[in-house]
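Commentary on secondary and tertiary structure
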Amino acid sequence: METADLLIHSARQLCLAPARGGPQRGSELGTLGIIEDGALAARDGRIVAAGPTAKLRSAFAAEREIDATGRVVIPGFVDPHTHLVWAGDRAAEFELRIAGASYMEIMAAGGGIVSTVRQTRQATAQELVAQSRPRLDRMLAHGTTTVEVKSGYGLDTPTELKLMAAISALDQSHPADLIPTFLGAHAVPTEFKDHADDYVDLLINEMLPEVKAQIPNLKFKLWPNRPLVFCDVFCEEGAFSLEQTRRILEKAKSLGFQLKLHVDEFKPLGGSRLGVELGATSVDHFVTTPPEQVEQVAKSDVVAVSLPGTPFGLAHTSYSPAHLLLEHGGALALATDCNPGTCWCESMQFIIALACRSMRLTPAQALAAATLNAAYAAGCGDQVGSLESGKLADALILDVPDYRHLGYRFGTNLVHTVIKRGKVVAGGM
């Protein structure tokens, strides 16, 4: 008999969300590989077996057993697009939007991202960690075990470096795994308002090289030797043009960064096509993307990340063209876009429920998009996102009898127990 540190057994449904040599694409999205009366064994923080309870209980002697009778076991959620680290809030701007002001009007008047930039520049790294940790705690409690986190509320070299250091500090002090993204190209800061190209020059000639030099000092649990670091650009009217985006990302790629893009949130500038051309890991938002570019993304290795909480937060009615992407065989992921301006949401469960309604995804499709495909969108699909042998033992026990409750219900927390690297880290203590 083999030994295990943890054995979860007697799950009414064990949802594997298996990979197919990569993310689930097109009509495959929603393949959950459900095992009824299922069990999961973990040792040294990784999954060693998944299968029927009778088989695993006869094969493994575990230090700790968890009885999941009547409950559902799924992979831990992966959130591949967040702006988790910031200072302050923008509650007053929410009131302005409700009164009719648009997101871009607020931004042009000195609010929006630049408002958070002012508050974030004034905060110390320790204050940023202290303000951000409760958000990360809520994410974990709602089942998110791996989180991509962007900088982007500094827009100057010292503050961007401070944000990257804060992301690393959070990762080292919290059970969740964090994945860092440099987003110095989040907006044009007020001091460069009338000469944005000069800010692009600063990004290319100073910020990116400085962040690259900082990388050896950044520690992340998923990559203990050298972290995977992304570079992202907000390619949008009022932010960065297509040509500016190209310049920044080509420099980032030459320095060894992996690439992400904010694209087509409000206007289609061609960012999706650029992401395919440059071999980006993901293109995110993906709302106003023209049909021909949807097809280009679908036929590439780029993952399209939908953030349905953002149009919901803005009271918009347009969402990502998920079904068109899937019809062309594309890979779709979901994320919260947790941020202080448009979508202060820490719950992937709510995003799943929203995607089922706004994008007409089935609960199975939304679950796979929030786990396996989200992991590939964050560059870590080989380590998390499914309950397969060899991957990290990141699992959730849901206090429901059927996985479809995830799309069916909203506004509550269905997670009974959060397991990270084979350890219970939230609930079910």
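Refer to the structure above for everything that follows.
The shown structure was predicted, so the numbers you read here are calculated from the model rather than taken from an experiment.

Another point: the pattern of salt bridges. For the structure on display, the rule yields 19 salt bridges. The salt bridge involving Glu346 is made with Arg138; its shortest N-O contact spans 3.0 Å. Taken together, the residues span a long stretch of sequence, with Glu346 in the loop between β13 (331–334) and α13 (348–358) and Arg138 in helix α5 (residues 125–141) at a distance of 208 residues. For Arg421, the salt bridge identified is with Asp177, shortest N-O distance 3.1 Å. On the criterion of sequence distance, the pair formed by Arg421 in the loop between β15 (415–420) and β16 (423–427) and Asp177 in strand β8 (residues 177–185) is long-range, its members being 244 residues apart. For Asp177, a relative accessible area of 0% gives the class buried. Counted as one network, the salt bridges with shared partners bring together Asp171, Asp177, Lys221, Asp394, Lys420 and Arg421.

Turning to the packing of α5 against helix α6 (residues 157–173), a few remarks are in order. α6 packs onto α5 with a crossing angle of 50° between their chain directions and a minimal axis gap of 9 Å. Between α5 and α6, the angle is such that the two are oblique. Relative to α6, the crossing made by α5 is right-handed. Counting all contacts with α5, which are made through Ala125, Leu128, Val129, Ser132, Arg133 and Leu136, the residues of α6 involved are Lys162, Leu163, Ala166, Ala169, Leu170 and Ser173. Taken together, the residues of the contact of α5 with α6 sort by class into eight nonpolar, two polar and two charged.

A few words on empty space enclosed by the protein. The final tally for this structure, using the stated rule, is one cavity of 30 Å³ or more. Approximately 130 Å³ is the volume found for the largest cavity. His83, Tyr103, His186, Asn339 and Thr342 are the residues nearest the centre of the largest cavity, which is lined by 15 residues in total. Class assignment for the residues of the lining of the largest cavity results in four nonpolar, eight polar and three charged.

Spatial ordering of the open sheet is given by β6-β7-β8-β9-β10-β11-β12-β13, a layout of eight strands whose pairing is parallel. Edge positions in the sheet fall to β6 (77–79) and β13, since each has one partner strand and no second. Strand-to-strand twist across the sheet, computed as the mean angle between neighbouring axes with direction ignored, equals 25°. In this sheet, strand β10 (residues 258–263) lies alongside strand β9 (residues 230–234) in parallel orientation, the contact comprising five bridges.

Further remarks concern the packing of aromatic side chains. Tallied over the full model, the rule gives four aromatic pairs. Following the ring pairs from residue to residue traces out a cluster consisting of Phe192, Tyr199 and Phe240. For the cation-ring pair, Arg135 lies above Trp86, with the distance from its terminal atom to the ring centre recorded as 3.5 Å. Over the ring of Phe230 we find Lys260; its NZ or CZ atom is 4.9 Å from the centre of that ring.

Turning our attention to helix α10 (residues 291–298). Every buried residue belonging to α10 is among Gln293, Val294, Val297 and Ala298, and all of these are buried. Within α10, the buried residues cover an arc of 145° as seen down the axis, which keeps them to one side. Those residues of α10 that are buried lie in contact with α9 (271–278), β11 (282–285), β12 (303–306) and α12 (322–327).

The next subject is the side chain of His81. Following the sequence through the fold, His81 ends up in the loop between β6 and α2 (91–98). For His81, a relative accessible area of 0% corresponds to the buried category. In terms of polar contacts, His81 uses its side chain to reach the side chain of Asp284, at 2.8 Å. When neighbours within four sequence positions are excluded, His81 is seen to be in contact with Glu148, Lys150, His262, Asp284, His285, Val305, Leu307, Ala335, Thr336, Asp337 and Cys338.

Bringing the nonpolar core into the picture now. Inside soluble globular proteins, nonpolar side chains tend to come together where they are buried. Ranked by size, the top nonpolar core spans 105 residues in total, and within it Ile74, Phe77, Phe240, Ile248, Phe257, Leu334 and Leu361 carry the most contacts. Examining the composition of this core, we find that eight residues originate from one element, helix α7 (residues 196–214), more than from any other. Ignoring anything within four residues of it in the chain, the contact list for Leu361 reads Ala322, His323, Leu326, Leu332, Leu334, Ala355, Cys356 and Ala366.

Quick look at the layout of surface pockets now. When its volume is computed, the largest pocket comes out at roughly 300 Å³. Forming the boundary of the largest pocket are 14 residues, of which Met107, Ala108, Val188, Lys193 and Gly238 lie nearest the centre. The residue makeup of the lining of the largest pocket, split by class, is nine nonpolar, four polar and one charged. Of the voids in this model, the second largest pocket is the one considered here, and its volume is about 150 Å³.

A few words on helix α8 (residues 242–254). The end-to-end C-alpha separation of α8 is 18 Å, in line with the 18 Å expected for 13 residues at 1.5 Å each. Of the positions making up α8, those classed as buried are Gln244, Thr245, Ile248, Leu249 and Ala252. Projected down its long axis, α8 shows its buried positions confined to an angular sector of 120°, all on one face. Its buried side turned inward, α8 meets β8, α7, β9, β10 and α9. Where α8 ends, the next residue or the one after it, Gly256, has phi of about 100°, a positive value.

What counts, and at which threshold
Residues numbered from 1 in each chain as written. Predicted model: local features only at pLDDT ≥ 70, side-chain atom pairs only at ≥ 80, totals over all residues. Heavy atoms only, no water. Salt bridge = Lys/Arg side-chain N within 4 Å of Asp/Glu carboxyl O. Helix = DSSP H or I, 4+ residues; strand = E, 2+ residues; numbered from the N terminus. Buried < 20%, exposed > 50% of the residue type's maximum accessible area, 1.4 Å probe, protein only. Axes fitted to C-alpha atoms, helices over the stretch in contact; angles between N-to-C directions. Parallel < 35°, antiparallel > 145°, perpendicular 65-115°, else oblique. Left-handed = near helix turned anticlockwise from the far one by under 90°. Contact = heavy atoms within 4.5 Å. Nonpolar A, V, L, I, M, F, W, Y, C, P; charged D, E, K, R; others polar. 1 Å grid on protein atoms, 1.4 Å probe; cavity = no way out; pocket = protein on both sides within 12 Å on 5 of 7 lines; lining within 4 Å. Points joined across faces, edges and corners; volume = space filled by probe spheres on them. Pairing = 2+ DSSP bridges. Phe/Tyr/Trp six-rings, centres within 6.5 Å; stacked < 30°, edge-to-face > 60°. Lys NZ or Arg CZ within 6 Å of the ring centre and 35° of its normal. Arc of directions from axis to C-beta. Polar contact = N/O pair within 3.5 Å; in protein donor to acceptor, adjacent residues only side chain to side chain. Core = buried A, V, L, I, M, F, W, Y, C linked by side-chain atoms within 4.5 Å. Expected span 1.5 Å × (residues − 1).

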